[in-house]
Amino acid sequence: MIHKFKQNDLFIVMDVNSGAIHAVDPLVYALLDAYPDPDREALLREALLREGREGYPQEAVAEALAEIDGLIAAGQLFSEDTQLDAYQMSRHNPVIKALCLHVAHDCNIRCKYCFAAQGAFEGHRTLMSYETGVKALEFLVAHSGNRRQLEVDFFGGEPLMNFETVKRLVAYGRELEARSGKVIRFTMTTNGVLLDDEKIEYINREMHNLVLSLDGRREVNDQMRETIGGGGTYDLIVPKFRKAVATRGGKSYYLRGTFTRFSKDFSKDVLHMAELGFDQVSVEPVVAPPDQPYALQEADVPALCAEYEALAEAMLAKERVGEGFTFFHFQIDLGRGPCVIKRVLGCGAGAEYLAVTPEGDVYPCHQFVGMPAFRMGSVLTDEPLDGAVVRDFASATVYTKEACKGCWARFYCSGGCHANAWHENGTVLQPYRIGCELEKKRVECAVYLQVKRLLEESQ
């Protein structure tokens, strides 16, 4: 299987199974429409392939066909799918490698699109106790098998509302590392309202990664992210974010935003955040019930795809003047890429990645918290995790999702977000349609950017 697309001045061909990427000329691009079983004599005879019937000499067509044949012989076009065999050979009983630790089911702002009901997750507002957090960390280590590198994200609600417990749990995590030989990488996800110099210094010292929530321009952010009293949050948090990043010493962070139907020109928000000095940016499409005024609709997809293309061009322009930055969804490793399990299975929710509530209940991920059908067990008891839920998520791969089997982007998106699929379709096996279309465009833009950079470097 191949996928080909034209973006700006480039004609790009992707071999889905091998991961090979080719920048080709218009003749090769057009000839590939006749593959994988071309009528070579007819192609040579007619040699009229371009729109407008612009002719090509038969010699040029013959050379292009030979070039294609060479790439096929090298396994870089129309290659066989070996991912399933590799996945099945590598698959074992999944071990848990990451926890989303809900240290606060409460929040100090009110985001209109919040999937967690402003932090309460459809339940009562509460904070995780130190004792429950300890059990969660011990649970992670006990179920991590031979995996040495583990991850814990302090999440909410707003985790800084339970900051003292966070500090105690990090200290206990360091003790667990010494006893178990594991390495626990902690992440803090925060809206920033409670950040101060003490918290910034602690987070930058102890947290491997920092995720800061901001939607972009002041008017965009403040339309959806309000204080409890109804005011905007932009002016409150941006100075704190800038200080946190400036003193982070090069450690990982992301400014993470959400765009809605009210902000379909989201490239301006990404560029605004870059202009504020943030060079690691992630802006996600909102996922919401279709009756909400801010929810994205299928009719919005063409405009959103054009916006991703505009963002790619703006990023190139910034790079050319030494002002480059990273946009999370345009990051693709074309050399090695993710391991086969991640390509086929995705994020590992419900199998390798779990969420733990303040009460100690275990769910497949933070977006399933509070849904009784997805409660898998508890870190406070010795009961095994619900095997049916684990199996359902572990078996939700690009080979069991009908919409993914024939999709060229399947090894890049890994079947998409399980939670988004469930909320739209009531099953994790049927991907979220709008999410699919936007992900395919993001992959195209990511590939385009890398090819463009390589070509410009070679000139």
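Because the structure is predicted, anything quoted here is derived from the model rather than measured.

## Quick notes on the sheet that holds strand β8 (residues 149-155)
Ordered by their spatial adjacency, 10 strands build an open sheet running β14-β13-β12-β10-β9-β8-β4-β15-β16-β17, and the pairing between neighbours is mixed. Where the open sheet ends on each side, the last strands, each with one partner, are β14 (326-327) and β17 (377-378). Here strand β13 (residues 280-285) pairs with β14 via 2 bridges, running parallel. Residue Gln280 lies in a different strand from β14, and its bridge partner there is Thr326. Taken strand by strand, helix α5 (residues 130-142) contacts β4 (98-102), β8, β9 (183-190) and β15 (353-356), and its axis lies near 155° from that of β8.

## Some thoughts on the packing of aromatic side chains
One pass over the full model with this rule turns up 15 aromatic pairs. Summarising the aromatic geometry, the rings of Phe163 and Tyr202 are spaced 5.5 Å apart at their centres and angled 90° between planes, so their arrangement reads as edge-to-face. With Phe163 in helix α6 (residues 163-180) and Tyr202 in helix α7 (residues 197-206), the pair connects residues that are 39 residues apart, well separated along the chain. Given a relative accessible area of 8%, Tyr202 falls into the buried group. Centroid distance Phe259 to Tyr308: 6.5 Å. Interplanar angle 70°. Geometry classified as edge-to-face. One end of the pair, Phe259, is in strand β12 (residues 252-259); the other, Tyr308, is in helix α11 (residues 301-320), with 49 residues separating them in the sequence.

## Quick notes on the layout of surface pockets
In this structure, the second largest pocket occupies an estimated 390 Å³ of space. At the level of secondary structure, the elements contributing two or more residues to the lining of the second largest pocket comprise α5 and α13 (387-394). Element by element, the count of residues in the lining of the second largest pocket is highest for α5, at 4 residues. Residue classes in the lining of the second largest pocket are distributed as 11 nonpolar, 6 polar and 5 charged.

## Observations regarding the sheet that holds strand β3 (residues 21-24)
Strand order in the open sheet made by the 3 strands is β1-β2-β3, with antiparallel pairing throughout. Sheet topology places β1 (2-7) and β3 at the edges, where each strand pairs with a single neighbour. Each adjacent strand pair in this sheet contributes to an overall mean axis angle of 25°, direction not counted. Here 4 bridges tie strand β2 (residues 10-15) to β3, and the two strands are oriented antiparallel to one another. Looking across to β3, one finds that Phe11 is bridged to Val24. Helix α17 (residues 433-458) contacts β1, β2 and β3 of the sheet and is inclined by roughly 115° relative to β2.

## Considering the side chain of Thr258
As for its position among the elements, Thr258 is in strand β12. Judged by its relative accessible area of 8%, Thr258 is buried. Within the local environment of Thr258, its side chain forms a polar contact with the side chain of Arg256, the two groups lying 2.6 Å apart. What Thr258 contacts, discounting residues up to four positions off in sequence, is Tyr113, Asp215, Val283, Glu284, Pro285 and Val286.

## Some details on the packing of α5 against α6
The contact between α5 and α6 brings their axes to 10 Å, and the two run at 30°. When the axis of α5 is compared with that of α6, the two are roughly parallel. The chirality of how α5 crosses α6 is right-handed. For the pair α5 and α6, the contacting residues are Tyr130, Gly133, Val134, Leu137, Glu138 and Val141 in the first and Thr165, Arg168, Leu169, Tyr172, Gly173, Leu176 and Ser180 in the second. Taken together, the residues of the contact of α5 with α6 break down into 7 nonpolar, 4 polar and 2 charged.

Cut-offs used in this document
- Residues numbered from 1 in each chain as written.
- Predicted model: local features only at pLDDT ≥ 70, side-chain atom pairs only at ≥ 80, totals over all residues.
- Heavy atoms only, no water.
- Pairing = 2+ DSSP bridges.
- Helix = DSSP H or I, 4+ residues; strand = E, 2+ residues; numbered from the N terminus.
- Contact = heavy atoms within 4.5 Å.
- Axes fitted to C-alpha atoms, helices over the stretch in contact; angles between N-to-C directions.
- Phe/Tyr/Trp six-rings, centres within 6.5 Å; stacked < 30°, edge-to-face > 60°.
- Buried < 20%, exposed > 50% of the residue type's maximum accessible area, 1.4 Å probe, protein only.
- 1 Å grid on protein atoms, 1.4 Å probe; cavity = no way out; pocket = protein on both sides within 12 Å on 5 of 7 lines; lining within 4 Å.
- Points joined across faces, edges and corners; volume = space filled by probe spheres on them.
- Nonpolar A, V, L, I, M, F, W, Y, C, P; charged D, E, K, R; others polar.
- Polar contact = N/O pair within 3.5 Å; in protein donor to acceptor, adjacent residues only side chain to side chain.
- Parallel < 35°, antiparallel > 145°, perpendicular 65-115°, else oblique.
- Left-handed = near helix turned anticlockwise from the far one by under 90°.

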